[in-house]
There are 2 protein chains.
Amino acid sequence: MSKRLDSETTEQEVVALLGQDDDNRLRAVLRDLHPADVADILDSLEDIEAKLRIFAVLDPDTASETIRNVHEQTQGLLVERLSDARISAVIERLDSDDATDLLSELPEDRRKLLLDRASPETSRDVQELLTYAEDTAGGIMKTEVAAVREVATVGEVTDYIRRHSDDFHDVHNVFVTDPDNRLLGLVPLRKLLLAADDTGVGVIMETETVAVGVDMDQEEVAHLAEKYDLLSLPVVDDQKRLVGRITIDDIVDVIEEEATEDMLALAGVGHEPLAPLGALETMRSRFPWLGLNLLTATAGAATIALFEETIREVAIAAGLMTIVASQGGNAGVQTMTLIVRGLALGELRPAQAWRILGGECLAALGNGVLLGALSGLIVYLWRGNLALSLVLSSAMVINLVIAAVVGSLVPLGFKVLRIDPAISSSVLVITTTDILGFFVFLGLLTMVV
Amino acid sequence: MSKRLDSETTEQEVVALLGQDDDNRLRAVLRDLHPADVADILDSLEDIEAKLRIFAVLDPDTASETIRNVHEQTQGLLVERLSDARISAVIERLDSDDATDLLSELPEDRRKLLLDRASPETSRDVQELLTYAEDTAGGIMKTEVAAVREVATVGEVTDYIRRHSDDFHDVHNVFVTDPDNRLLGLVPLRKLLLAADDTGVGVIMETETVAVGVDMDQEEVAHLAEKYDLLSLPVVDDQKRLVGRITIDDIVDVIEEEATEDMLALAGVGHEPLAPLGALETMRSRFPWLGLNLLTATAGAATIALFEETIREVAIAAGLMTIVASQGGNAGVQTMTLIVRGLALGELRPAQAWRILGGECLAALGNGVLLGALSGLIVYLWRGNLALSLVLSSAMVINLVIAAVVGSLVPLGFKVLRIDPAISSSVLVITTTDILGFFVFLGLLTMVV
């Protein structure tokens, strides 16, 4: 094996070499590494000067493969400091989608300057791709497509791929188009390999192709690729003309990105990168959710304030009400998370709402009775106050059922309203179970004492 | 296009046909659908009899492609009711990995019976695959590999693929092995297509291949495939002999599965399918977390009980303490979720712990001061009690910093201890911010009043 793939040991070796002044040895060690491993090293180094020194000794091909593989944050740091000449060399070697991602990191005037320097083909492709929104099919596609006419023979198509082998290094399918560039079908590489050279591609092409529009949301694109097990998807404009393709490696990125976004949204974090940020940026990213939570928590406190008399009389109620709210919040988040994820993966549909709701409510009733009895028993043993125990048990049952209802209906409702269920569900679910939990427990208690 | 891919309208059509007694029309409509769309319809139907009726009219090839695409739950329902002959026919048409998944749904005696009926090849492959743990490379690989010797020519390899076109319908690479079946390298289809027929594969093979061991965790396999942009990964046994391959569609499934698992684990849901379960199963799945939460919430209530005197005196404290706990819990969950996801995707490493912790604490201090001042102001305007306001503000700052510390260190610590950070982090983080939130606020207040 000519490239070393054991990144752990080599990473230490590279870090050790950074302490010395021997660029040739550094270059020699890096030459043996896979660009994805060089990218890992660049990502893990804290010092931008160290990143730049490593990047400087890479040959242009490795440099472009490496910069494609680093995290967005590292990419931003690098391009800010690299010379125009270096970036130009990298861009010419990248596929159009990766070149566009790189250039979109730059301020507009520098981007313009670099596009002026670029080859006409690169400049045209990147400028086209820059017009699409980042999270659409157009935003993740590349323009390098192998497109042939129906009458072409397998031999001709093979020659064509060979002539453009740089553009088609990751070709999975050859697309067949009509003279207006409208998509007719596709031929997978395997079929090309197995067919005789003089076979017409029109004869062996598959016409059951899924094509996506440039404006389709990337999440929907990923669903289609996954559902139909596609390695590459043709992208068409509103005239059904072939304008690009999306490859499976980009689909994988979309799938991870969407899962990350949902997970962070459920926890109330916005579009924050996973790499450590500066304290000020972290603060800014977290503040909106905490500010919103301050308002809802204050509403909860105001609810509690309605029962000040009761609390003065039965001070332990202050502790017990938090059990009711906490159980409700947890149960609600369980239900909500399952539904948000089920909706995102297409395994649940809003049409199943009643069935989901029924099951959740029954389960909540069951667990409510069990947990209510258990907590009632604990409190009875602790304080010997039967009325207090019964109030706690009843409030628990009621709040768990409330949790099941809001945990189910909130995300399903957002989905029906075409609002992303991941974004606003948790605040609504937790606020409801908190406030109603306090209200039910303290309300019942007030009636009893 | 011979297959219709517009699933929405056809689904309604199929449902309408189920109400009639015309199997031929049903068969005709289904024949025009992609098996992945038939699978969607089977998943969405509530009634098992309806699922069976649709499945019964599918031809054997479509039936096997369809059953491969339905959710695990639907698959379980179907195989339970299908005849042995029907399952046998399906199994012979499936790839070894899918056949194994299907058979693993069945009780052992029925599985044995079906394996006795199966072709020797299928029986051998499935029995081998059943020996591997579900979440390892062996558990997701298929045994159908295109393996050739170094001396084979491109022409010979092409013939070989043609002869086994059923097994190699999704071939991306041809693997090159030595006489002991040890992996030497691989040749992507594209290289085969572009090379002359008399070229030896040893000349054009790529030797920088990533091979994974049968026991490697599926999550690690997915990371490798993603990092090196691989469409298929060779799997080797402990003697480095080639035993199978993992294809990108299975990698995509692993990526989604792992993200789902983490998301559910963070919300305290165990291995629960996303499709609606019966109430009893739902109850059982949710109970452990709620039971654990009852204990921690009771510990919180006991903490509050330490300050009964203070609460009796300043009853509004019962409301205000929940603001402190709630803000801390939310901030802790924000930090924790980012770190859990960052660790899962390999974008964060435990080695960065101090840098992360520093940034989080500073950000928490900043937000704590802002939110503390804001909440103090609200309470001052509301109650006109300056001491109470100051206690609230101070407790908020302290609890947000506590949240930053536990939100960072808990998942990082679990990672270092090789415990899945997604599973136990939230309960620890929320419990700590709740209990310490109550304690700090009520403790400070007790000193003041």
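Parameters and conventions
Sequence order as written defines residue numbering, which begins from 1 separately in each chain. As they are written, the chains are lettered A onward and the ligands numbered 1 onward, keeping that order. Since the coordinates come from a predicted model, pLDDT governs what is reported: local features require at least 70, and pairs of side-chain atoms require 80 or more to be given and counted, while whole-chain, interface and lining totals use all residues. When DSSP locates at least two bridges between a pair of strands, those strands are taken to pair. Each helix is a run of DSSP H or I of at least 4 residues and each strand a run of E of at least 2, with the numbering of both proceeding from the N terminus. Working convention: axes come from line fits to C-alpha atoms, limited for helices to the stretch in contact. Angles between N-to-C directions cover 0 to 180 degrees. Each residue gets a C-beta atom placed from its backbone, and two residues are in contact if those atoms lie within 7 Å. Each residue gets one of three labels, nonpolar for Ala, Val, Leu, Ile, Met, Phe, Trp, Tyr, Cys and Pro, charged for Asp, Glu, Lys and Arg, and polar for the others, Gly among them. For classification purposes, angles smaller than 35 degrees are called roughly parallel, those larger than 145 roughly antiparallel, those between 65 and 115 roughly perpendicular, and all remaining angles oblique. Less than a right angle of anticlockwise turn of the near helix away from the far helix marks a crossing as left-handed, whereas a clockwise turn marks it as right-handed.

1. Overview of the sheet that holds strand β3 (residues 183-188) of chain B
All names here are of chain B.
Link 1 in the chain: Spatial ordering of the open sheet is given by β1-β2-β3, a layout of three strands whose pairing is mixed. The sheet is open, and its two borders are formed by β1 (147-149) and β3, each paired with just one other strand. Geometrically, the sheet is characterised by an average inter-axis angle of 35° between neighbouring strands, direction not taken into account.
Link 2 in the chain: Across three bridges, the pairing between β1 and strand β2 (residues 173-177) is parallel. For A147, the partnering residue across the bridge sits in β2 and is F175.

2. Description of the interface of chain B and chain A
Link 1 in the chain: The interface is formed by 97 residues belonging to chain B together with 97 residues belonging to chain A.
Link 2 in the chain: Per-element accounting of the side of chain B that touches chain A gives the leading share, 17 residues, to helix α17 (residues 279-305) of chain B.
Link 3 in the chain: Of the residues contributing to the side of chain B that touches chain A, the split by class is 52 nonpolar, 27 polar and 18 charged.

3. Considerations on unusual backbone geometry
Residues and elements named next belong to chain A.
Link 1 in the chain: Backbone geometry places K240, a non-glycine residue, at a positive phi of 65°.
Link 2 in the chain: If you trace the backbone, K240 turns up in the loop between β5 (232-236) and β6 (242-247).
Link 3 in the chain: The phi dihedral of R418 falls on the positive side, at around 60°, and the residue is not glycine.
Link 4 in the chain: By secondary structure assignment, the location of R418 is in the loop between α21 (386-416) and α22 (421-448).

4. Re the packing of helix α16 (residues 248-266) of chain A against helix α19 (residues 317-344) of chain A
Residue and element names in this part refer to chain A.
Link 1 in the chain: Running from N to C, α16 and α19 cross one another at 155°; their axes reach a closest spacing of 11 Å. When the axes of α16 and α19 are compared, the pair comes out roughly antiparallel. In this structure, α16 crosses over α19, and the sense of that crossing is right-handed. Contacts from E258, D262 and L266 in α16 reach T337, V340 and A344 in α19.
Link 2 in the chain: In terms of residue class, the contact of α16 with α19 is built from three nonpolar, one polar and two charged.

5. Describing the sheet that holds strand β5 (residues 232-236) of chain B
All names here are of chain B.
Link 1 in the chain: If you walk across this open sheet you meet the three strands as β4-β5-β6, and the pairing is mixed. The sheet is open, and its two borders are formed by β4 (212-213) and β6 (242-247), each paired with just one other strand.
Link 2 in the chain: Relative to β6, β5 runs antiparallel, the two sharing five bridges. Paired with P234 across the two strands is R245, which belongs to β6.

These figures capture arrangement, not role.
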